[in-house]
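# Notes for the structure review
Here's the letter readout for the chains.
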Amino acid sequence: MARKVVKLHRLFFVKPKENTNADKLAEKFAGFDSVDEVLLTEGDYGFIVKARMDSLEESKELVKCISEASSGTCCTAISYYKYKK
């Protein structure tokens, strides 16, 4: 398995308010400039949003946009490396 340094990515774990239209919200998330992927999930969170980040300030702004759009909660994780088979 090879380790590859990749551009800084953040993963946003989003728990939207109940009865939210998942398709419309996913499209809204995908429309944000720095977003690469939007995954609809089952479990504690409804979405995982993967975005590339150049700065902490940019990340804080995206958290605000995601939280407002979902009317729910959002927490983050940072990815520094990528391991690929």
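Just above, that's the structure.
We now turn to the structure provided with this report. (Residues numbered from 1 in each chain as written. Predicted model: local features only at pLDDT ≥ 70, side-chain atom pairs only at ≥ 80, totals over all residues. Heavy atoms only, no water.)

Here we take up the nonpolar core. Ranked by size, the top nonpolar core spans 13 residues in total, and within it F12, V14, F29, V49, L62 and I66 carry the most contacts. Counting residues per element, the ones that place at least two in this core are β1 (2-15), α1 (22-30), β3 (47-52) and α2 (56-70). Setting aside its immediate chain neighbours within four residues, V49 contacts R10, L11, F12, V14, F29, V35, E37 and I66. (Core = buried A, V, L, I, M, F, W, Y, C linked by side-chain atoms within 4.5 Å. Buried < 20%, exposed > 50% of the residue type's maximum accessible area, 1.4 Å probe, protein only. Helix = DSSP H or I, 4+ residues; strand = E, 2+ residues; numbered from the N terminus. Contact = heavy atoms within 4.5 Å.)

Its identity as a non-glycine residue notwithstanding, N19 has a phi of 65 degrees, on the positive side. By secondary structure assignment, the location of N19 is in the loop between β1 and α1. By relative accessible area, which is 80% here, N19 ends up exposed. Positive phi outside glycine occurs at S71, with the angle close to 55 degrees. Within the element layout of this structure, S71 appears in the loop between α2 and β4 (73-84). Owing to a relative accessible area of 47%, S71 belongs among the partly exposed residues under this scheme.

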